[in-house]
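Each chain, letter by letter, is given below.
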Amino acid sequence: MPQLGFGVYQVPDDDTQRAVEVALEAGYRSIDTAAVYGNERGVGRALAASGLPRNEVFVTTKLWITDLGPTAPYDAIDASLDRLGLDAVDLYLIHWPAPSTDAYLDAWQALESIAADGKARSVGVSNFLPEHLDRVEALGGTIPAVNQIELHPALTNRDSVEANRRLGIATEAWSPLAQGAVLGEPAVTAAAAAHGVSAAQIVLRWHLQHGNVVIPKSVTPARIATNLDVLAFELDPSEMTAIDAIDRGARTGPHPATFHG
Ligand code: NDP
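Conventions and cut-offs
Residues numbered from 1 in each chain as written. Predicted model: local features only at pLDDT ≥ 70, side-chain atom pairs only at ≥ 80, totals over all residues. Heavy atoms only, no water. Near = heavy atom within 4 Å. Polar contact = N/O pair within 3.5 Å; in protein donor to acceptor, adjacent residues only side chain to side chain. Areas by Shrake-Rupley, 256 points an atom, 1.4 Å probe, with all protein chains shown as cover. Nonpolar A, V, L, I, M, F, W, Y, C, P; charged D, E, K, R; others polar. Phe/Tyr/Trp six-rings, centres within 6.5 Å; stacked < 30°, edge-to-face > 60°. Helix = DSSP H or I, 4+ residues; strand = E, 2+ residues; numbered from the N terminus. Buried < 20%, exposed > 50% of the residue type's maximum accessible area, 1.4 Å probe, protein only. Right-handed = clockwise from strand over helix to strand, strands pointing away. Pairing = 2+ DSSP bridges. Expected span 1.5 Å × (residues − 1). Core = buried A, V, L, I, M, F, W, Y, C linked by side-chain atoms within 4.5 Å. Contact = heavy atoms within 4.5 Å. Salt bridge = Lys/Arg side-chain N within 4 Å of Asp/Glu carboxyl O.

Another point: the site of the ligand. Within the structure, the ligand sits among 27 residues, and Asp32, Ser175, Lys217, Ser218 and Thr220 are positioned closest to it. The contact in question runs from an oxygen atom of the ligand to an N or O atom on the backbone of tyrosine 9, over 2.9 Å. Separating a nitrogen atom of the ligand from a side-chain N or O atom of asparagine 227 is a distance of 2.9 Å. Protein contacts shield 87% of the accessible area of the ligand, which totals 910 Å² for the unbound molecule. Per-class residue counts for the shell around the ligand are 13 nonpolar, ten polar and four charged.

Rendered as structure tokens:
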């Protein structure tokens, strides 16, 4: 899985094809969508138009909360694959645990079968707290490949990152730029000035140096290009520590313990 990919949350389906085409032309080879985003068709059109071999692009989509349970995931993946125009996704995630019931555990076992059927090359979860991961582990089957969680300098989410590491689960950061809210932080702007790059490049580089997978979203071609250009400089330990210290437990999205859609 590429460590730096492209997210399309809140991009209308009509605009998604163009945004993903720009991203693929810029060199992104991982696209993150979800059934609930309503833009899997736009992603599929861009993939088809790109002419890229299927095995050169890593495609992630997600199972929505209303499709949790023992059987609904089978229809949900077929519908997503139909909209994407693909035979299989590279990664299929449970979008949220919605933990007031155990439907997410039934759904996990369905995802294991979906992977066995070849409709998802790997399966994982999103927004799972350590307690939810422990319950998946207790099922005794597959461990999720990925846990995609809200993670950025204002929410370093240390407990979740540590739980992922303990279980051998890759941490993928959603809203890696905090939807722009951390780009004016002094520790970020100081590093940007020192390295002659943008604030967004600094934040993305911080993620990569922490080992996070990132999927920044942009519909702005210049930003799409520069967000990918983060390998030509390196943050030193004092810059990393200063950006770590921005953490104030600030979420841009809902809390996984209480969100039920
Ligand atoms: P991001 O943290 O990626 O921020 C996106 C915002 O930042 C947009 O407003 C974009 O503006 C702006 N932006 C992007 N690049 C730059 C730049 N270089 N300089 C200044 N501003 C910039 O937020 P998202 O919430 O979109 O998260 C990224 C992805 O994570 C989503 O697209 C989705 O794939 C995934 N996600 C998953 C969730 C989950 O529950 N699993 C929840 C939320 C997101 P513009 O587009 O106008 O350029």
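There's plenty left to go through after this.
By the definition in use, this model includes six aromatic pairs. Seen in terms of ring centroids, tyrosine 104 and phenylalanine 128 are 5.4 Å apart; in terms of plane orientation they differ by 90°. Their pairing is edge-to-face. With tyrosine 104 in helix α4 (residues 103–116) and phenylalanine 128 in the loop between β5 (123–126) and α5 (130–138), this residue pair connects regions lying 24 residues apart in the sequence. Taken individually, tyrosine 104 and phenylalanine 128 each receive the classification buried, so the pair is uniform in this respect. One aromatic cluster is present, built from ring pairs that chain together Trp64, Trp96, Trp174 and Phe259.

Two faces make up the sheet, and in a regular strand the side chains alternate between them. In strand β4 (residues 91–94), alternate side chains face the same way, and those of Leu91 and Leu93 on one face and Tyr92 and Ile94 on the other are all buried. Handedness of the crossover is the feature at issue here: the chain leaves strand β3 (residues 58–63), passes through helix α3 (residues 72–84), returns alongside β4, and the resulting connection is right-handed. Bridge count between β4 and β5: three bridges; the pairing is parallel. From the neighbouring strand, isoleucine 94 faces β5, where its bridge partner is valine 125. For the crossover from β4 across α4 to β5, the handedness is right-handed.

Now for helix α8 (residues 199–210). Between its first and last C-alpha, α8 extends 17 Å over twelve residues, near the 16 Å set by a 1.5 Å rise per residue. Counted residue by residue, α8 has ten buried out of twelve residues, so it is predominantly covered. What α8 keeps buried is the set Ala199, Ala200, Gln201, Ile202, Val203, Leu204, Arg205, Trp206, His207 and Leu208. A positive phi of about 90° marks glycine 211, the residue just after α8.

Right, let's talk about the side chain of histidine 152 for a bit. Relative to the assigned elements, histidine 152 resides in the loop between β6 (146–150) and α6 (158–167). Among the polar contacts listed, one links the side chain of histidine 152 to the side chain of glutamate 150, at a separation of 2.7 Å.

With that out of the way, let us pick up the sheet that holds β3. Paired through backbone hydrogen bonds, the strands of a sheet run either parallel or antiparallel to each other. Strand order in the open sheet formed by eight strands is β1-β2-β3-β4-β5-β6-β7-β8, with parallel pairing between adjacent strands. Looking along the sheet, the strands with just one partner apiece sit at the ends: β1 (6–7) and β8 (213–214).

The next point concerns the nonpolar core. Looking at soluble globular proteins, one finds that nonpolar side chains tend to be buried together. Counting residues in each nonpolar core, the largest one holds 75 residues, and the members touching the most others are Phe6, Leu68, Tyr92 and Ile94. When neighbours within four sequence positions are excluded, tyrosine 92 is seen to be in contact with Thr61, Lys62, Leu63, Pro73, Ala76, Ile77, Leu111, Ile114, Ala120, Ser122, Val123 and Gly124.

If you trace the backbone, serine 30 turns up in strand β2 (residues 30–32). Look past the residues within four positions of serine 30 in its chain and what remains in contact with it is Pro2, Gly5, Phe6 and Phe58.

Applying the stated rule across the entire model yields twelve salt bridges. Note that aspartate 102 is salt-bridged to arginine 135, the shortest N-O span being 2.9 Å. Here the residue aspartate 102 occupies a position in the loop between β4 and α4, and arginine 135 occupies one in helix α5, the gap between them amounting to 33 residues. Residue classification places aspartate 102 among the partly exposed positions, given a relative accessible area of 39%. Residue class for arginine 135 comes out partly exposed when judged on its relative accessible area of 38%.

Bear in mind that shape data such as this cannot, by itself, settle questions of function.
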